[in-house]
Amino acid sequence: MTAPASHERVYRALLRLYPEPFRTRFGDELVQLSGALLREARERRGGRGDVAATWLRLLLDVALTAPAEHLDQRRVGHSLSRPPSIAMRLLGLLGVAGGLILVSAFVVFIPGPFNLGRLVLFNVGAAAIAIAVLRHAGASSARLVLKAAAVAVILANAWYTAMVVLSIGRPEYPRPDPEFREVFLWAGVAMWWADAAFGIAVARLRGAARWAGLALAVGSLLAFTGMGHLELANGEAGWFFGPASQVGITMNGLGWIVLGVVVATRRRRIAGSAAAVPNG
Amino acid sequence: MEAAERPPATPPLSRTAVHVLLAIGPEERHGYAITAEITRITGGAVRLGPGAVYATIKRLLDDGLIEEADDRPDPELDDQRRRYYRLTALGRAVAATEVRRFETLVQASRPWALEVPPT
């Protein structure tokens, strides 16, 4: 027995207030249930009064739950979620700090020795975000590309950090030592390309992470063109590659900052097949 | 199965989520049966609307606490469009955790709360 057409028409019109995915998934069941509740009201002794009260309840129900469902599309709205752990907050803050430190060079002058420290902190921040992503992905086999890119970021940034540390104390670092310079060059290439790959992988996620991933991907590739050894930024096309690489570094830094905020603030699902959190 | 033996240290569920979990219980129930059962087990104090019920069902499905049942109790008599839901192993474990929480709460407040006349 189906609900009267008039009821169904009115209620289906109300369902337009829900987000489309929710409507597609549960629309028919919502119509069925509302029809059953109205039928039940008609069969009770209260008659029209009961039906009117049921309609009122249905309207109130839609008014309260439809906006909540729209909000739910933009955040983690699971019945089981918990705030980020202290470790995730710390990793996220390291990412924010790393991004801020990278961008800070455009705002304040940082003398040589401190600049090396700045590079180390930036690399630590980037690696912290990659570690956070690996922790979040857990043992799940899903998102293999994202996990592979995160591992690449950790390795490349660790390599670059090691080169920065090893360059301390070398005169006019690293120019007088061609072999060291060569290795340093490849560490830089690895870092920017790993960051770009990670950005592309992150850009497949939803929300703010997507935009941060895009900024990271484009920014890293532009920043790569500014590497002195390539002689793009100081060559004939320097008018383009010079500013472009600076913009790239800024975008890279902003990408890490946003990802840091996402990692530090995002609530996590506790249950569910894809994102189950192991029992601590 | 491991999740059923060792339930996660979950924060308390929303009241509506607990109602839906307990209303489904060991059965397979569709939306209307869930709504009717909630009204019954709460003594008529809680009457959920369709939106509240299915918003909760959506979250419980997404969290793996309930799942859609493949078979229906009586296909001959039943509306084919109806979907039935049942608890997963994790859902049972979480429901048990919630009931234990209630038990603790009731035990702690019983000495004084039952002396107050009902309003």
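See the structure shown above.
Residues numbered from 1 in each chain as written. Chains lettered and ligands numbered in written order. Predicted model: local features only at pLDDT ≥ 70, side-chain atom pairs only at ≥ 80, totals over all residues. Heavy atoms only, no water.

1. Details of the overall build of chain A
Then, number 1: For chain A, the helix and strand inventory stands at nine helices and two strands.
Then, number 2: Counting from the amino terminus, chain A carries its helices and strands in the arrangement α-α-α-β-α-α-α-α-α-α-β.
Then, number 3: Of all 280 residues assigned to chain A, the portion counted as buried reaches 44%.
Then, number 4: At a minimum sequence separation of 6, the contacts of chain A that also span at least 24 residues come to 68%.
Then, number 5: Put simply, chain A shows about 14900 Å² of open surface, and 66% of that area lies on carbon and sulfur atoms. (Helix = DSSP H or I, 4+ residues; strand = E, 2+ residues; numbered from the N terminus. Buried < 20%, exposed > 50% of the residue type's maximum accessible area, 1.4 Å probe, protein only. Contact = heavy atoms within 4.5 Å. Areas by Shrake-Rupley, 256 points an atom, 1.4 Å probe, with all protein chains shown as cover.)

2. Side note on the nonpolar core
Then, number 1: Phe198, Trp256 and Leu259 of chain A are the most contacted members of the largest nonpolar core, which has 42 residues in total.
Then, number 2: When contributions to this core are tallied by element, the ones reaching two or more residues are helix H4 (86–104), helix H5 (112–137), helix H6 (144–167), helix H7 (178–202), helix H8 (208–224) and helix H9 (238–265) of chain A.
Then, number 3: Here this core takes 11 residues from H7 of chain A, the largest share from any one element.
Then, number 4: Counting residues in each nonpolar core, the second largest holds 40 residues, with Leu14, Phe22 and Phe26 of chain A together with Leu65 of chain B among its members. (Core = buried A, V, L, I, M, F, W, Y, C linked by side-chain atoms within 4.5 Å.)

3. Quick look at the pattern of salt bridges
Between side chains of opposite charge, a pair can form when the charged atoms approach closely.
All names here are of chain A.
Then, number 1: For the structure on display, the rule yields 12 salt bridges over all chains.
Then, number 2: Residues glutamate 8 and arginine 12 are paired through a salt bridge, measuring 3.4 Å at the closest nitrogen-oxygen approach. Highlighted residues: glutamate 8 and arginine 12, both in helix H1 (residues 5–15), separated by four residues, approximately one helical turn.
Then, number 3: The exposure class of arginine 12 is partly exposed, given its relative accessible area of 33%.
Then, number 4: For the salt bridge of aspartate 28 with arginine 12, the shortest nitrogen-to-oxygen distance reads 2.9 Å. Remark: arginine 12 occurs in helix H1 and aspartate 28 occurs in helix H2 (residues 20–43); sequence separation between them is 16 residues.
Then, number 5: Taken together, the shared-partner salt bridges connect Glu8, Arg12 and Asp28 into one network. (Salt bridge = Lys/Arg side-chain N within 4 Å of Asp/Glu carboxyl O.)

4. Brief notes about H2 of chain A
Then, number 1: Helix length check: H2 of chain A (24 residues) gives 33 Å between terminal C-alpha atoms against 34 Å at 1.5 Å per residue, within 8%.
Then, number 2: Along H2 of chain A, the sharpest kink reaches roughly 65 degrees, centred on phenylalanine 26 of chain A. (Expected span 1.5 Å × (residues − 1). Bend = angle between axes of the 7 residues up to and from the residue.)

5. Side note on a nonpolar patch on the surface
Residue and element names in this part refer to chain B.
Then, number 1: Where nonpolar side chains cluster on the molecular surface, the patch consists of Leu22, Ile41, Val99, Phe102 and Leu105 and spans about 410 Å² of accessible area.
Then, number 2: The greatest single-element share of the nonpolar patch, amounting to three residues, is contributed by helix H5 (residues 89–113).
Then, number 3: With respect to the secondary-structure elements, valine 99 resides in helix H5. (Patch = residues over 30% accessible without salt bridge, like charges linked within 9 Å, V, L, I, M, F, W, Y side chains within 5 Å.)

6. Brief notes about the packing of aromatic side chains
Then, number 1: Applying the stated criterion across every chain, the model contains 10 aromatic pairs over all chains.
Then, number 2: Consider the rings of phenylalanine 122 of chain A and tryptophan 192 of chain A, whose centres lie 6.4 Å apart with planes at 35 degrees: the pair is tilted. Of this pair, phenylalanine 122 of chain A sits in helix H5 while tryptophan 192 of chain A is found in helix H7, placing the two residues 70 residues apart along the sequence. In this structure, phenylalanine 122 of chain A and tryptophan 192 of chain A share a single accessibility class: buried.
Then, number 3: Clustering of aromatic rings is evident, with ring pairs tying together Tyr18, Phe22 and Phe26 of chain A together with Tyr54 of chain B. (Phe/Tyr/Trp six-rings, centres within 6.5 Å; stacked < 30°, edge-to-face > 60°.)

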